[in-house]
Amino acid sequence: MAHSNWAEWIYLGVVTALLIYVGAEAWNVERIIDHAPADAEIIIVTGQQWFWTFEHEDGTKEVGELHLKKDHAYKFEVTSKDVNHDFNIPEFVVLMDAIPGRINTVWFSPNEAGEFEIQCREYCGLIHYNMRAKLYVEDV
Amino acid sequence: MSEYDETVYRTSPGRAAKLMIILVGLVVVGGVIFFALGDYWISELSPAGKAFAGITDEEDAAPAVAQTGADIPVTLDFIESKDFRTLAFNALPGEPGNNPTINAKVGDRIIFNILNAGKSFHAFGVTLNEEGFGGILSGTDIAAANNPLKPGEGGTSEFIPGEPGTYYYICTVPGHRELGMVGTIIVE
Amino acid sequence: MVLELARPRPIWQIMFSTHHTDVGLLYLVFSLLAMFVGGAMAIALRVELFAPGAQLIQDAMTYNRLFTAHGTTMIFLFLLPSAAAVGNYLVPIMVRYKDMAYPKLNAIAFWMIPPAAALVWLGMADFGWYANPPYSVISAPAPAAEMWIFGLKVLGVSSILSSINFVVTILKCKHPDLSLGKVPLLAWSFLTSSIIVLAAMPTFAAALLMLLTDRLGVSGFFNPAVGGDPIAYQHLFWFTFHPEVYVLVIPAIGMMYEIIPRFSRRPIFSHSSGVAAFIILALVSFASWAHHMFATGMSFTEKTVFMVGTLAAVPASAMHVFNFLATMWNGRIKFATPMMWAVGGIALFFAAGAGGVVNTAMPLDFITHDSYWVVGHFHLFVFGTIAFGTIGFVYYLFPYITGRMYNEKWGVVHFILAFVGACITFFTQHILGLFGMPRRIYDYPEIDAWISMNQLVSVGAMIILVGMVIFLGNMIYSMAKGKPANLEDPFGLGGKYYYPFAQRNPQHGEGGY
């Protein structure tokens, strides 16, 4: 049977155009945020069941809390000692899996001072729900 | 076609009831089996898990000996700081009674009375290892990391050292030793 | 269309039968049982999450086992068998053949499922339905984990066997006068979803075996302590399970292709468009698996490839939505219960897809990954689209199977409660995810926004529960005492809307259907 399918083709064209737009915009934004600035300070983040430890460039270690400076760029080298975890600072959209045997990197520059939550975003067992830490961003 | 003319009953109250009895009965039987065996289903660790935790079937690093000395009862409570960042036995760091050191002689029987006085999950064991949560000497363990003591639960275990040296009593949940749940047992 | 028998047959005869209508009935009863079991687990989870602190469930281990069992049950024991039920009933009729191609294999494929379910339900493993290593290798307790692995192995084999049956029945056993292009769209949906299973499921079978040997300590595929790579498992898992979600959705869309043209009293807008959309969806579904892994540390190029692969599947889904809407346009629509469920299903399908486009936009995934946004998103698919389509189709098949009519009023009440409940529950979960709440957590801190949204979600879940209880009551009561249905036209649609080929179960004896 001969249907006039022109309506369907126009509809598909609109849908495809929208998707191309979303894809291109996403590609562009990701491209920009993918590279950490060269002067970013490196923080080693280690996740293990069920707490976080942080090591600054100068060797200072912090367990369960992290003190950073406002408007400084930081690059996190994230890894795990046992099972998969996920290092997440929701208020700054920092998110990266902590995988044992592998170091993943994610960077940010906190633009607000205050106290923020760090949580685990990958199921890691019994106390996954309470694998939290505190981020303190100081204005200096 | 004649078969479409007459009213056709394919199911009846009797058959519906039979169906429900069979299905509900199966679920009930399954539930009975599940709950009757309780924690059995989650009681073990996989061989790879045991390897990771350093739990081996081989000869203990300190094989068990008979008691030739005195009984030393020790009470240890798992406690936590409010923010869960610091853990300890009996008292937090800086306060009296924190992680008490136990002194004993070879052949003494140390009887551990353990209570989880915190809000999180803990388990107990004695090890020779200077770090980590493995190498737990057999007979000294109470609960385990994958089946831990819930708040308010407790247990007992004993340890008869056969060799002099420094032993450690720890919480065997990974990471808890690093957060402070460790004490020493000095055996002469 | 006549699907069942006039004279009552003993239950054991149905259980040991290999006729496709009997096997279909077994699949249907089992899958509905699993739906209620999985639903009860979900209600337990939602009661616990109503507020911070322990409510119903006293420890995290039990909670973790419950959400694992909930996910595994709903996907493998409800959605896959319910699709098999519908396929078993109708595919042979649609290709005008007397039974499935391999009737004994059909029965075997069904009977593998209850023992596998027993393994999964008795063990109640705790590693989530993905079983990601290294947790599932070194940390998850035994024997629950091994029971889950064996149970899923058996379920995978069952799926592959039933897929072989569908593909051979449709391609080789169809009537010589019926060209493949003219086969109804429901049969096409089974053809395409079965081909996906055959291509994708063996990968997971391999991954399960590797997980087992890793647990036993004899191999090191995924265990970094002995040189393995945990991300390898995720690739293998998602290579199967991204296409698998299409295996779940495609039959439900096929079911909507049965209901919507009938109840709109118009032929489908474009049969060939539907066929093309199914084929494209099946092929493109293999191009997007690692969008589940955007946070594992993949490179920019890898992520871009999978974002494009994910977006490429959207136009095919959009074709189905257009087909449905264009069919309903200018139709004399009868909004009986099955039609409501189908139309509600399309609306939620659209919303689910829109949320998915957000997830696949790479930077936005860093906001939504492993949060309640994802939970809301996929539940709009599995509940809002697939369960809606399936439940609507159960209502549609009810008179044909039982000879009695369900209660229409209570069917409408069920739909309204389910639709309103689904909107409240799953749309709120999207927002909860934007506020940062992670998935799979037994308890959460006292953040006011999280508490109020969780309470709203739990209330929505209760609304769905009330609807489901009404559904159960309606089914049982109508099975026993419903009004006899007019089998030529149970829904009063008028005209010739039944299949021209009636089925004949050989065990029903001479002269009777």
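Each chain carries its own residue numbering, running from 1 in the written order of its sequence. Each chain takes a letter, starting from A, and each ligand takes a number, starting from 1, following the order in which they are written. Side-chain atom pairs in this predicted model are given and counted only at pLDDT of 80 or more, local residue features only at pLDDT of at least 70, and totals for whole chains, interfaces and linings cover all residues. Heavy atoms throughout the structure, all of them, feed into the side-chain values; hydrogens and water do not.

Quick look at the interface of chain C and chain B
- Contacts between residues were defined by any pair of non-hydrogen atoms, one from each residue, lying within 4.5 Å. Listed per partner, the contact involves 49 residues of chain C and 34 residues of chain B.
- Values labelled buried area give the accessible surface lost by two parts on being combined, using a 1.4 Å probe and summing over both. Both sides together, the interface formed by chain C and chain B hides about 3500 Å², and carbon and sulfur atoms give 70% of it.
- The salt bridge criterion pairs a side-chain nitrogen of Lys or Arg with a carboxyl oxygen of Asp or Glu, the two atoms within 4 Å. Inspection of the chain C/chain B interface yields 0 salt bridges.
- Contacts described as polar in this section are N or O atom pairs within 3.5 Å, which, within protein, must combine one atom able to donate a hydrogen with one able to accept it, while residues neighboring in sequence count only if both atoms come from side chains. The interface formed by chain C and chain B includes 5 residue pairs in polar contact (both at pLDDT 80 or more).
- A helix here means a DSSP run of H or I that spans at least four residues, while a strand means a run of E at least two residues long, and both kinds are numbered starting from the N terminus. Ranked by the residues each element gives to the side of chain C that touches chain B, the list is headed by helix 16 (residues 448–481) of chain C, at 4 residues.
- For the side of chain C that touches chain B, the class distribution of residues is 33 nonpolar, 6 polar and 10 charged. Amino acids outside the nonpolar list (Ala, Val, Leu, Ile, Met, Phe, Trp, Tyr, Cys, Pro) and the charged list (Asp, Glu, Lys, Arg) are all regarded as polar, and Gly is one of them.

Let's talk about helix 14 (residues 372–402) of chain C
All names here are of chain C.
- Bend, in this description, refers to the angle at a residue between axes fitted to the seven residues ending there and the seven starting there. The sharpest bend along helix 14 reaches about 35° and sits at Tyr 396, with the proline Pro 399 one to four residues further on.
- When a residue's accessible area, from a 1.4 Å probe over protein chains only, is under 20% of the maximum for its type it is buried; when over 50% it is exposed; and in between it is partly exposed. For helix 14, the tally of buried residues reaches 28 of 31 residues, placing the bulk of the element in the interior.
- Where helix 14 terminates, the next one or two residues include Gly 403, which has phi positive at roughly 80°.

Details of the pairing of strand 7 (residues 165–171) of chain B
All names here are of chain B.
- Burial within strand 7 is extensive, with 5 of its 7 residues counted as buried.
- Pairing of strand 5 (residues 124–127) with strand 7, which is carried by 4 bridges, proceeds in the antiparallel orientation. Bridging from a neighbouring strand, Phe 124 pairs with Cys 171 of strand 7.
- Paired strands, as defined in this entry, are two strands with at least two bridges between them according to DSSP. Relative to strand 8 (residues 182–187), strand 7 is paired through 6 bridges, and the arrangement is antiparallel. Its bridge partner being in strand 8, Tyr 167 is matched across the sheet by Ile 185.

A word on unusual backbone geometry
All names here are of chain C.
- With omega at 0°, the peptide bond leading from Pro 133 into Pro 134 counts as cis.
- Structurally, Pro 134 can be placed in the loop between helix 5 (113–123) and helix 6 (135–139).
- A cis geometry characterises the amide bond from Ala 142 onward to Pro 143, with omega recorded as -10°.
- Mapped onto the elements of the fold, Pro 143 is located in the loop between helix 6 and helix 7 (144–172).

Section: the pairing of strand 6 (residues 85–89) of chain A
Residues and elements named next belong to chain A.
- Of all 5 residues in strand 6, 5 are buried, a share of seventy percent or more.
- Side chains of strand 6 alternate between two faces, with His 85, Phe 87 and Ile 89 and Asp 86 and Asn 88 buried alike.
- Here strand 6 folds back onto strand 7 (residues 94–98), and the loop between the two strands holds 4 residues, one of which, Val 93, carries a positive phi near 50°.
- The sheet contact formed by strand 6 and strand 9 (residues 114–120) spans 2 bridges and is antiparallel. What sits directly across from Phe 87, in strand 9, is Cys 120.

Notes on the interface of chain A and chain C
- Taken together, the 45 residues of chain A in the interface contact 54 residues of chain C.
- Buried surface at the junction of chain A and chain C, summed over both partners, amounts to about 4100 Å²; 65% is from carbon and sulfur atoms.
- When the area that chain A buries against chain C is broken down by residue, the three leading residues are Arg 121, Tyr 123 and Tyr 129 of chain A, summing to 18%.
- In this assembly, chain A and chain C are joined by 1 salt bridge.
- Run the count over chain A and chain C and you get 15 residue pairs in polar contact (both at pLDDT 80 or more).
- For the side of chain A that touches chain C, the secondary structure elements donating two or more residues are helix 1 (6–33), strand 7 and strand 9 of chain A.
- Looking at which element gives the most residues to the side of chain A that touches chain C, the answer is helix 1 of chain A, with 15 residues.
- Classifying every residue of the side of chain A that touches chain C by side-chain character gives 22 nonpolar, 12 polar and 11 charged.

Notes on the confidence of the model for chain B
Residues and elements named next belong to chain B.
- For every residue, the predictor reports its confidence as pLDDT, a number between 0 and 100. The share of residues in chain B with pLDDT of 70 or more is 88%, and the mean pLDDT across the chain is 84.
- Per-residue pLDDT stays below 50 along residues 1–8; that stretch engages in 11 contacts with residues further than four places along the chain or on separate chains.
- The ipTM, which scores confidence in the relative placement of chains, is 0.93 for this predicted complex, and the corresponding pTM is 0.89.

With respect to the nonpolar core
- Take the buried residues of types Ala, Val, Leu, Ile, Met, Phe, Trp, Tyr and Cys, join any two whose side-chain atoms come within 4.5 Å, and each joined set is a nonpolar core. Counting 251 residues, the largest nonpolar core has Phe 76 of chain A together with Phe 112 of chain B as the members making the most contacts within it.
- The domain boundaries here were taken from an automatic or database domain assignment. Both domains that meet at this core, namely domain 1 (1–34) and domain 2 (41–138) of chain A, each give it at least three residues.
- With residues up to four places along the chain from it excluded, the contact list for Phe 76 of chain A reads Ile 43, Val 45, Leu 66, Leu 68, Phe 87, Ile 89, Val 94, Asn 104, Thr 105, Val 106 and Phe 108 of chain A.

Looking at helix 11 (residues 300–328) of chain C
Residue and element names in this part refer to chain C.
- For helix 11, which comprises 29 residues, the first-to-last C-alpha distance of 43 Å matches the rise-based estimate of 42 Å (1.5 Å per residue) to within 8%.
- Taken across its 29 residues, helix 11 has 22 buried, putting it largely inside the fold.
- A positive backbone phi angle near 65° is found at Asn 330, which sits one or two residues after helix 11. Take the residue count of a helix, subtract one, and multiply by 1.5 Å to get its expected span.

Focus: the sheet that holds strand 8 (residues 104–108) of chain A
Residue and element names in this part refer to chain A.
- Taking strand neighbours across the sheet as the criterion, the 5 strands line up as 3-2-1-5-8 in an open arrangement whose pairing is mixed. This sheet does not close on itself; its edge strands, each paired only once, are strand 3 (61–63) and strand 8. Within this sheet the neighbouring strands show an average axis-to-axis angle of 25°, counted without direction.
- Bridge count for strand 1 (residues 41–48) against strand 2 (residues 51–55) is 5 bridges, and the pairing is antiparallel. In the sheet register, Gln 48 faces strand 2, and the bridge partner there is Phe 51. Fitted lines through C-alpha atoms give the axes, limited to the stretch in contact for helices. The angle between two N-to-C directions lies from 0 to 180 degrees.

A short note on empty space enclosed by the protein
Residue and element names in this part refer to chain C.
- Points on a 1 Å grid, built from protein atoms alone, make a cavity when a 1.4 Å probe fits but cannot get out and make a pocket when they are open with protein on both sides within 12 Å along at least 5 of 7 lines; residues with an atom within 4 Å of a point are the lining residues. Grid points are joined across faces, edges and corners, and a volume is the space filled by probe spheres set on the points. Per the stated rule, a full pass over the model turns up 5 cavities of 30 Å³ or more.
- Of the volumes computed, that of the largest cavity is approximately 230 Å³.
- Lining the largest cavity are 21 residues, with Leu 80, Pro 81, Ala 84, Ser 159 and Ser 162 sitting closest to its centre.
- Going through the elements one at a time, helix 3 (60–94), helix 7, helix 8 (185–215) and helix 9 (230–264) are the ones with two or more residues in the lining of the largest cavity.
- With 7 residues, the single largest contributor to the lining of the largest cavity is helix 7.
- Within the lining of the largest cavity, the residues separate by chemical class into 14 nonpolar, 7 polar and no charged.

Details of the domain arrangement of chain A
- According to the domain assignment, chain A consists of domain 1 (1–34) and domain 2 (41–138).
- The C-alpha centroid of domain 2 of chain A is placed 37 Å from the C-alpha centroid of domain 1 of chain A.

Quick notes on the packing of aromatic side chains
- Put simply, two rings from Phe, Tyr or Trp (the six-membered ring, in Trp's case) pair if the centres are within 6.5 Å, and we call them stacked under 30 degrees between planes, edge-to-face over 60, tilted for the rest. Taken as a whole, this structure holds 70 aromatic pairs over all chains when the rule is applied.
- Ring centres of Phe 36 of chain C and Phe 471 of chain C lie 6.4 Å apart, and the angle between their planes is 25°; this geometry places the pair in the stacked category. Of this pair, Phe 36 of chain C sits in helix 2 (residues 20–48) while Phe 471 of chain C is found in helix 16, placing the two residues 435 residues apart along the sequence.
- On the basis of relative accessible area, Phe 36 of chain C is assigned to the partly exposed category, the value being 26%.
- Judged by its relative accessible area of 1%, Phe 471 of chain C is buried.
- Above the plane of the ring of Tyr 168 of chain B lies Arg 177 of chain B, whose end atom (NZ or CZ) is 5.0 Å from the centre.
- Only when the NZ of Lys or the CZ of Arg is both within 6 Å of the ring centre and within 35 degrees of the ring normal is a charge said to sit over the ring. It is Arg 440 of chain C that lies over the ring of Tyr 130 of chain C; its NZ or CZ is 4.3 Å from the centre.

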